[in-house]
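Spelled out, the chains give:
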Amino acid sequence: MLIVHQIMERLGHSPDFVCHEFALSPDLGLFCIYISSIVSTEHANEFIFKPILEQNLDARALHDPKSWLESLIPKAQTDAFKEATEGIQRLLEGQCLLISSSGDCRLSYDIAKGQNRSVSEPTTEASIRGPREGFVEDIARNVALIRKRLKSEHLIFEQLIIGTETKTKVYLTYIDNIAQVKVVEEFRRRLNSIHADSILESSYIEEWIQDNTWSPFPQLLFTERPDSVVAKLMEGQVVVMTDGTPIALVGPVTFFQFFNSPEDYYQRADIATLSRWLRFFAFLLSIFVPALYIAVVSYHPELLPNSLLISLAAQREEVPFPAFFEAAIMMVTFEILREAGLRMPRIAGQSISIVGALVLGEAAVEAGLVSAAMVIVVSLTAISNFVSPNYGFGIAQRIIQFAFMILAGLMGLFGLMCGVFFVLIHLVSLRSFGVKYFTPLAPLVLSAWRDTLFRVPRYKMKRFPHRRMQNK
Amino acid sequence: MKASRLGVVLTLLALCTGCWDIKDINTLAIVSLAGVDKDPKSGDFLAYYQVMNPTGLSTRTGSSAKAAVYTFNFKDFSHGRFTEKTGRAMPRLFFTAHLQSYIISERYAREGILDLINYVELNPERRSNLIIFVSDSPLDVIMNSFTPLDRVPGRFMRSLSNHYQRNFRMNIYPIRFKDLEKDLKRQTPTVIPIIHYNGVKAASKSDEIEKINATQNGLTFAEGAVFIHARMVGRLDDKSKVLFYILNKKYRRLTETITVNGSYVDVEAQNIQVQRKWIAPGSHLSFDIHADLRIINNQQKRKMTLQNLQQIEASFNKMLEAKAEALEQMSKDKGWDLLGIQDHGGNEDSWRQTKVTFHVTSTMTTTGNTSTPYLLE
C-alpha cells in the first residue's frame, strides 16, 4: 500500500492519472495505475482488465497473486519492479502498473500509445537513387530500421537515460568488432558525464559531447537516413540515437567527410568523384567569392584584367557604398530572406521569393544601390552555400564567409590570407573524439584518399577499417 | 593567455595594412596610355596621360558620357614631378597599374631615353613589361585621337602588338622596357615599332571615329626605330625589321613574293630555324636557315609538279639569302650590329670585317587544294 501512496503523492495531482482499485476478494485487492493520455485504453481493457475480471479466483491467486497475474496477461510486455521511483518512471513511459494490496506483487505492463508519424523520405537529405526511408521520432522504430539493414550479432545498442526531467532514452550504437574500443569508451564517458535536465533533441547531446564548442565546424555529423547510419557503423563510427528526434549523431568525423553524400555510393565512382570535387569547389567559392570581390575591388584593382576592371568600374560608378558595405548589405539581406523563408508558413513562401528576387535582383541594381556584379557574387555565394550535403557544415561556411568578408574589408588580400591561415591552423588543431579533423591531408594518409578526395570503384576499396580481434 | 596572444597577433596585423590603403575602383583615374615628349629647347618633358572613362566605355543604356578616354597633359623638367602634378588636374587617384603602353616622341628617342628607363624601373608600382612605341607623328596629335574598333587607344595599340606577338619566340614581342634594359649593355640593337598617324588633324572627338574610313585619321605601325644603348640611332624598313628579328632567332614567320618562271608566287615561311656557327672564330660566321613553306598565291599557269615545287623552294632560298646579305651589308655600312656579331663571339673592333655567309634551305609543306590552275583556252 505504501508504494501506491508514494506514487499517488508524486503523480496523483495530474488529471490524466488513473488509479483503479479492484477488490478481487476480501483478502486480495489490486491497484491498476496508468496515465491515460499516453496509454492505449483499448489495450488496457483488452489485455488487463478483461482477463483479470473475467477469471475466477482460485487458491493460487490468493496465495501467489504475482504468478496468477503473470499467467493472465501477455508475458512479452510484462516486467516486475521494486521501488516506487522505478514504477513512476514506467508510468511516465506509458506502462500500466499492477500492484497487489499486500504490495508483494508489482508488475508493469506496456500499453503505451503509439503516436508516431509513419516512416517517410527524409526532407533534408533527399537523394535521386537510394532508399527513401528516414528515421522517425520513435527510437524503437529507428532501431528496427537499422536492424532491417544490418543483421549482425555484433551490432550493439547501449541504452542510456539522459536528462533528469525528460529521462530521454539515448542509444549508443556501434559494431563491436569494427569500432575502436577507445572511441566507444570516449563516447560512453562523455554521454555519462552529461548533466542536463532535459534532452529534447540530439543537438542537446551534440553540444555536450563535441570536442570544441567554439569552433564553427561541426565535430559530429547528423543524419536521418538509416542507410547512411549503417554505412557509418560499417566504417567503424559510433552513432548516438536519441528518442524523440529523427536525427542521429555520428562520430568521429573528419573535415572531408562533410563533402560526402550517401548518394556517392549509389552511383558510378567517376560521377561520385566529380560530384565531390564540385562540392569542394562550391565550398571554396562560397567562402572566398565575396571576400575576394571586396579585396580586389577595394585594395587590389591592379589584379583585375583591364576589361573587367573597366566593366566593374562602370557598374560601380553610381553605387554610393564602398564594396564592403555593398557586399555586407546584400549578404545580410539574403540571410534575412533565407531565415524568413525557413520560418514562414509554406503558403506565404511564394511572396518571400518574389520580394527576394526583386530586392536582391533588378530593383536594387536599377536603384543604383548595388552593382550588377555584386548581385552575381551574392547569387553565386548563396547557391554554393546550398551545395554542401550537410546543413551543419553549410552554417560553418556562412560563418567563415562573413569573417573573411570583414577581414578582406579591413585589410584586403592580406587580411584574407590571415583568415585562411587562421582557419587552417584551427582545422589542423581540431579533434573529433581523438581523431584529427583534417585527416587525411594533415596528417597525410594517402590510403584514405580513396574515399575522401576521391571515390574509387568499390573493388578497389579492399581495406577494412580497424577491426577488433577479440571476437575472432 | 591565449586571448592575450591573439590580441597581440591581431594588433600586429592591424599595423601591417588597413583601411587607409583602400583604393576603391570608383576613386581611380585608370591610365591606359602614357606619352612622353621632350622639348629640345627648354629640355622640359611633356607627359600625356590617357585616363579611361568607365561610364563612356559602359555598354549600359543611359550613360551620358561618350568619350572613352580623356587625355591630360603636363609639362615639367623632371619625370618624378608628374605624379604630384596629376593631383591638381585629375579628380581621382592617379593609377598606372593598368597602363598598356608608352609612346615616345622620335625627337626624345633620338636624345636617349635612359632617364625614362631608370624612372620606370625605380618604383615597383611601375611595370617594366610595358611596351613602347616611337611616334614619328606629333605626339599631341596621337595622344588626342580616338581609335576605331577599340575605343581605348592604349588597348588598340596593345592589341596591335599582340597580333604580332604570337609569331615571336616564347610569344614575347621584345619591345618592352625590360627588353631595352637587357640590351643596354649589348651591341645588338633593339628595334621598336614606329607608330604613325594617318592624317593631320587629331580625331579628338568620339564622333569622328563614326566615319567608315578607318585608315584615315587612324594609327598604323610603320618601320622600326633602331635603339642602341637606349638611344634611337635610325630607322629600319618593315622588311628589314622582320629579317632582323628572324636572324636574331626572335621571329619565325615571313611572307615573301618570289618570281618563278616569270610569274608571281606568294609564299609564307613558317617555323623558321636559324643556326649560327663560326667557321673561323672571329672572322667567318655562317647562318644556316631552314623554313617550312606554304603557298599563299600561285600565278603560274602550269600544273604544280615536284620539279616546280623545287623551283619555288630554290627561288625562295636564293631570295632570302640575298636579303640577308643586303641586311648584313646595311648593318656594316651604318655601324649597327644587326646580326649581333659582337654579342656572339665577334670582335668588338673588327666585327665589320667578319665574313658572314648565309645558307638557306626550305621545304614546301603546304601547297593548297589545287595542283592544276584554271586556264582559258
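Residues numbered from 1 in each chain as written. Chains lettered and ligands numbered in written order. Predicted model: local features only at pLDDT ≥ 70, side-chain atom pairs only at ≥ 80, totals over all residues. Heavy atoms only, no water.

Peer 1: I would appreciate a short explanation of the overall build of chain A in the present structure.
Peer 2: For chain A, the count of helices and strands is 16 helices and twelve strands. For chain A, the C-alpha radius of gyration of 29 Å lies well beyond 23 Å, the compact-globule estimate for 472 residues. Over its C-alpha atoms, taken along the principal directions, chain A stretches across nearly 105 × 55 × 35 Å. Taken over 472 residues, chain A has a buried fraction of 50%. Taking the intrachain contacts of chain A between residues at least 6 apart in sequence as the baseline, contacts between residues at least 24 apart amount to 64%. Here chain A displays about 23,100 Å² of accessible surface, and carbon together with sulfur accounts for 61% of that area. For chain A, the distance from the average position of its 44 positive side-chain charges to the average position of its 48 negative side-chain charges is 10 Å. (Helix = DSSP H or I, 4+ residues; strand = E, 2+ residues; numbered from the N terminus. Rg over C-alpha atoms; globule rule 2.2 N^0.38 Å. Buried < 20%, exposed > 50% of the residue type's maximum accessible area, 1.4 Å probe, protein only. Contact = heavy atoms within 4.5 Å. Areas by Shrake-Rupley, 256 points an atom, 1.4 Å probe, with all protein chains shown as cover. Lys, Arg positive; Asp, Glu negative; His and termini not counted. Charge placed at Lys NZ, Arg CZ, Asp CG, Glu CD.)

Peer 1: Even after reading the chapter, I still don't get the sheet that holds strand 12 (residues 284–298) of chain B, so can you show me in this structure?
Peer 2: Picture the strands of a sheet paired through backbone hydrogen bonds; they go either parallel or antiparallel. Residue and element names in this part refer to chain B. Ordered in space as 10-11-12-13, the four strands form an open sheet in which the pairing is mixed. Edge positions in the sheet fall to strand 10 (254–260) and strand 13 (355–366), since each of these pairs with one other strand and no more. Across this sheet, the average inter-strand angle for adjacent strands is 40°, counted without regard to direction. Set on the sheet, helix 10 (residues 306–334) makes contact with strand 10, strand 11 (263–280), strand 12 and strand 13; between it and strand 13 the angle comes to about 150°. (Pairing = 2+ DSSP bridges. Axes fitted to C-alpha atoms, helices over the stretch in contact; angles between N-to-C directions.)

Peer 1: Where do I start with the confidence of the model for chain B in this structure?
Peer 2: Note that predicted coordinates carrying low pLDDT should not be read in detail. Confidence along chain B averages 86 in pLDDT terms, with 94% of residues attaining 70 or more. For this predicted complex, the interface score ipTM comes out at 0.77, alongside a pTM of 0.79. (pLDDT = per-residue confidence, 0-100.)

Peer 1: Would you mind showing me how to read the interface of chain B and chain A here?
Peer 2: By convention, interface size is frequently given as the accessible area that disappears when the constituent parts associate. Facing 29 residues of chain B, the contacting portion of chain A comprises 26 residues. Both sides together, the interface formed by chain B and chain A hides about 2,300 Å², and carbon and sulfur atoms give 65% of it. On inspection of chain B and its partner chain A, the count reaches three salt bridges. Between B:Asp24 and A:Arg316 there is a salt bridge, and its shortest N-O distance comes to 2.6 Å. For the interface between chain B and chain A, the tally reads nine residue pairs in polar contact (both at pLDDT 80 or more). Only helix 1 (2–16), strand 1 (28–38) and helix 2 (54–57) of chain B provide two or more residues apiece to the side of chain B that touches chain A. It is helix 1 of chain B that provides the largest number of residues to the side of chain B that touches chain A, a total of six residues. Looking at side-chain class alone, the side of chain B that touches chain A contains 16 nonpolar, seven polar and six charged residues. (Buried area = accessible area lost by both parts, 1.4 Å probe. Salt bridge = Lys/Arg side-chain N within 4 Å of Asp/Glu carboxyl O. Polar contact = N/O pair within 3.5 Å; in protein donor to acceptor, adjacent residues only side chain to side chain. Nonpolar A, V, L, I, M, F, W, Y, C, P; charged D, E, K, R; others polar.)

Peer 1: Teacher, can you tell me more about the domain arrangement of chain A here?
Peer 2: What the domain assignment reports for chain A is domain 1 (2–110), domain 2 (139–253) and domain 3 (268–436). Spacing between the C-alpha centres of domain 1 of chain A and domain 3 of chain A amounts to 62 Å. (Domains from an automatic or database assignment.)

Peer 1: It is not clear to me how the packing of aromatic side chains should be interpreted in this structure. Could you clarify?
Peer 2: How two aromatic rings sit relative to each other is given by the distance of their centres and the angle of their planes. Residue and element names in this part refer to chain A. Using the criterion set out here, one finds 38 aromatic pairs over all chains in the structure. For the ring pair Phe255 and Phe283, a centre distance of 5.7 Å and an interplane angle of 70° mean the geometry is edge-to-face. Here Phe255, found in the loop between strand 10 (248–251) and helix 10 (269–298), pairs with Phe283, found in helix 10; they are 28 residues apart in sequence, far enough to count as distant. Each member of the pair Phe255 and Phe283 is classed as buried. The ring of Phe433 is capped by Arg190, whose NZ or CZ atom sits 4.2 Å from the centre of that ring. (Phe/Tyr/Trp six-rings, centres within 6.5 Å; stacked < 30°, edge-to-face > 60°. Lys NZ or Arg CZ within 6 Å of the ring centre and 35° of its normal.)

Peer 1: Would you mind going over the layout of surface pockets with me for this structure?
Peer 2: If you roll a probe as big as a water molecule over the atoms, it shows you where there is empty space left. Residue and element names in this part refer to chain A. Considered as a void within the structure, the second largest pocket measures approximately 880 Å³ in volume. Residue lining of the second largest pocket: 26 residues in total, with Leu92, Glu93, Gly94, Ala112 and Asp243 positioned closest to the centre. Secondary-structure elements contributing two or more residues to the lining of the second largest pocket are helix 5 (84–92), helix 6 (139–149) and strand 7 (168–175). With three residues, the single largest contributor to the lining of the second largest pocket is strand 7. Its residues placed into classes, the lining of the second largest pocket shows seven nonpolar, ten polar and nine charged. Looking at which domains feed residues into the lining of the second largest pocket, each of domain 1 (2–110) and domain 2 (139–253) supplies at least three. (1 Å grid on protein atoms, 1.4 Å probe; cavity = no way out; pocket = protein on both sides within 12 Å on 5 of 7 lines; lining within 4 Å. Points joined across faces, edges and corners; volume = space filled by probe spheres on them.)

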